[in-house]
Amino acid sequence: MILLTNISKTYSNGTIALNGINLYIGKGEFAFIVGPSGAGKSTLIKLLMREEVPTSGNIIINNFNLNSLRRREVPYLRRSMGIVFQDFRLLPNKTVYENVAFAMQIIEASPKEIRRQVPYLLGLVGLSNKAKMYPHQLSGGEQQRVALARALINNPAVLIADEPTGNLDPDTAWDIVKLMHDINKRGTTVVMATHAKEIVNSMKKRVIALENGIIVRDEEKGVYGYEI
Amino acid sequence: MVMKFRTIRYCLKEGFTSIWTNRLMSLASIGTVLACLIIFGMFLLFSVNLNYIGAQVQEQWEIKVFIDEKIPSHEIPIIGEQIKKIKYIKACTLETKEQALENYKKQLGEDAYILEGFDEFNPLRDSYNINLDDIRYADQVVQQLSEIPGIAKVKNHKEFVDRLLKVTEFVRMASLWIMLLLACIAVFIISNTIKLAVFARRKEINIMKFVGATDWFIRWPFIIEGMLIGLIGALISLLLVGYGYDYILKLIYQSMNIFKLRSFSEIFEALAFIFISFGISIGAVGSAISIRKYLRV
Ligand SMILES: Nc1ncnc2c1ncn2[C@@H]1O[C@H](COP(=O)(O)OP(=O)(O)O)[C@@H](O)[C@H]1O
Ligand SMILES: [Mg+2]
């Protein structure tokens, strides 16, 4: 569950990235955040994962009230969400298996849990046979699958993705979005910021359109609605 | 903050890996710690031994009073009685001129032949050797001794002792300041190494952050890296200083035998403790500084 009330974000250089955002995304929803470059999509996602702090307004996410969140509670907020980026952010010197296991290691999961959970997730994203490969031996789509497996490994309630298909060709992009759809079907809330018009239009999911830091449209079963 | 065993193991592994990844910089850091501890160790050992010598001198230190030759020998014990009455005197023993000559010969060893012929005409005087409860009362006692009739001369090495104590104090202060200065240099170099290590792993740190690692989980490997650098430096310098000291002791004992010096086994434990805790501390402080500055978690 994600609730934003009157969220504004002005960066220290004076740029107003978000201006009075009110938004509710319920448990189990699948929501696209669309809009032209510079609209404020990434800023919104950074606020959710507490990489940035809003200038004003309040955010509640997965039972965490971000206004009263203490510094040392931030890691626990982040453990309640899985995050995926356009540039995958895998460790080049670790194998696929190790990259996914890493996310469990750093939250001090037991080796036993790690041995059980990692193969399961690699199976889920269809990469069981590539566990021993390194990121540079994989295609972009495969790398993003690894990132998805990593994001999901600690069973987050919310999956947040910032242009996850931005670096992928259309077919591969489709595979990734279908995978995210499957994940959503299993109960995980999914929030995906994207430019990909075709995908948004044919998925018929909720579309939240941002422009100059303001929500200009919020439709169930919406379409992208912009000419790119 | 209680850490799980596997987390400690993880931090150690990451620390070692990072040292190896940045081996050039790590080597420079270890070298600085090494140089610091070796110089510090030399001053420390020098100061410890000066102290030891000072204590021995104080222990052996005595006032010597020479009896006038004109005093007949049966009156000498009377002078002894008078000396013993003075306050703060612990012991007072007679050394006859014959004993004094014998002692001289012993000190000269092979060269004792110089003294041949002195047996018939002994130019030395009878004397009393006086030990005090405390060297601080020396001036007072010397004053009273010189008032006793029949005493020709009072010999007193207090100035030498004072000077030795002053040198000891100076070396102690100097080694303290040198230690502080060197520690600052070592901390600076280590913090630079850790800064580079943080920089080299910024991608990994970023991933750790958004996957939900706690601040301390991210920081510990770097702190451990710093402490390991300090520890390695400490162990190597302990080895070098230890062997070096043993070697120098042998050289000194070949040419000088007046004072005893601390043997290696006497000081090893204290030295090891100081070096290791000092090395680990400067490593930890160095990395803590860098982490505060460069590791935004
Ligand atoms: N760290 C930052 N400092 C200053 N301005 C920023 C920063 N990040 C983003 N911006 C600005 O905020 C606005 C929104 O950016 P962003 O959220 O990245 O948009 P989007 O992801 O929709 O392209 C843009 O004008 C951008 O230049
Ligand atoms: Mg963006």
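These figures come from a predicted structure and were not determined experimentally.

J.: What is the right way to read the packing of aromatic side chains from this model?
T.: The description of two aromatic rings rests on the distance between their centres and on the angle between their planes. All names here are of chain B. One pass over the structure, following the stated rule, counts 6 aromatic pairs over all chains. Plain terms: the ring middles of Trp216 and Trp220 are 5.9 Å apart, the flat faces sit at 45° to each other, and that makes the pair tilted. In this pair, Trp216 and Trp220 both sit in helix H8 (residues 215-255), 4 residues apart, roughly one turn of the helix. Taking the relative accessible area as the measure of exposure, Trp216 reaches 37% and is therefore partly exposed. One residue, Arg23, lies across the ring of Trp20, its end atom 4.4 Å from the ring centre.

J.: In this structure, what is going on with the domain arrangement of chain A? I would like to understand it.
T.: Frequently, the measure chosen for interface size is the accessible area removed from exposure when the parts meet. All names here are of chain A. Taken domain by domain, chain A holds domain 1 (1-80 + 157-228) and domain 2 (89-155). For domain 1 versus domain 2, the separation of C-alpha centres amounts to 24 Å. Counting residues at the interface gives 12 residues for domain 1, matched by 14 residues for domain 2. Across the interface of domain 1 and domain 2, roughly 1,100 Å² is buried in total on both sides, 69% from carbon and sulfur atoms. Per-residue buried area on domain 1 facing domain 2 is highest for Arg79, Leu179 and Arg186; these three make up 42% of the total on that side. At the junction of domain 1 and domain 2, the tally comes to 0 salt bridges. For the pair domain 1 and domain 2, the number of links is 2 residue pairs in polar contact (both at pLDDT 80 or more). It is helix H6 (residues 170-185) that contributes the most residues to the side of domain 1 that touches domain 2, 6 residues altogether.

J.: Looking at this model, I keep getting lost on the packing of helix H2 (residues 23-60) of chain B against H8 of chain B. Mind explaining?
T.: Describing two packed helices takes the angle between their axes plus the distance from one axis to the other. Residue and element names in this part refer to chain B. At a minimum axis separation of 8 Å, H2 and H8 run at an interaxial angle of 40°. As far as their axial angle goes, H8 and H2 are oblique. With respect to the hand of their crossing, H2 and H8 are arranged in right-handed fashion. Note on element contacts: H8 touches H2 through Ile229, Gly230, Ile232, Gly233, Ala234, Ile236, Ser237, Leu240, Val241 and Tyr245, opposite Ser26, Ser29, Ile30, Val33, Leu34, Leu37, Ile38, Leu45 and Asn49. Class assignment of the residues belonging to the contact of H2 with H8 gives a composition of 13 nonpolar, 6 polar and no charged.

J.: It is not clear to me how the domain arrangement of chain B should be interpreted in this structure. Could you clarify?
T.: Its domain assignment divides chain B into domain 1 (7-57 + 161-295) and domain 2 (62-156). Between domain 1 of chain B and domain 2 of chain B, the C-alpha centre-to-centre distance is 51 Å.

The rules we used
Residues numbered from 1 in each chain as written. Chains lettered and ligands numbered in written order. Predicted model: local features only at pLDDT ≥ 70, side-chain atom pairs only at ≥ 80, totals over all residues. Heavy atoms only, no water. Phe/Tyr/Trp six-rings, centres within 6.5 Å; stacked < 30°, edge-to-face > 60°. Helix = DSSP H or I, 4+ residues; strand = E, 2+ residues; numbered from the N terminus. Buried < 20%, exposed > 50% of the residue type's maximum accessible area, 1.4 Å probe, protein only. Lys NZ or Arg CZ within 6 Å of the ring centre and 35° of its normal. Domains from an automatic or database assignment. Contact = heavy atoms within 4.5 Å. Buried area = accessible area lost by both parts, 1.4 Å probe. Salt bridge = Lys/Arg side-chain N within 4 Å of Asp/Glu carboxyl O. Polar contact = N/O pair within 3.5 Å; in protein donor to acceptor, adjacent residues only side chain to side chain. Axes fitted to C-alpha atoms, helices over the stretch in contact; angles between N-to-C directions. Parallel < 35°, antiparallel > 145°, perpendicular 65-115°, else oblique. Left-handed = near helix turned anticlockwise from the far one by under 90°. Nonpolar A, V, L, I, M, F, W, Y, C, P; charged D, E, K, R; others polar.

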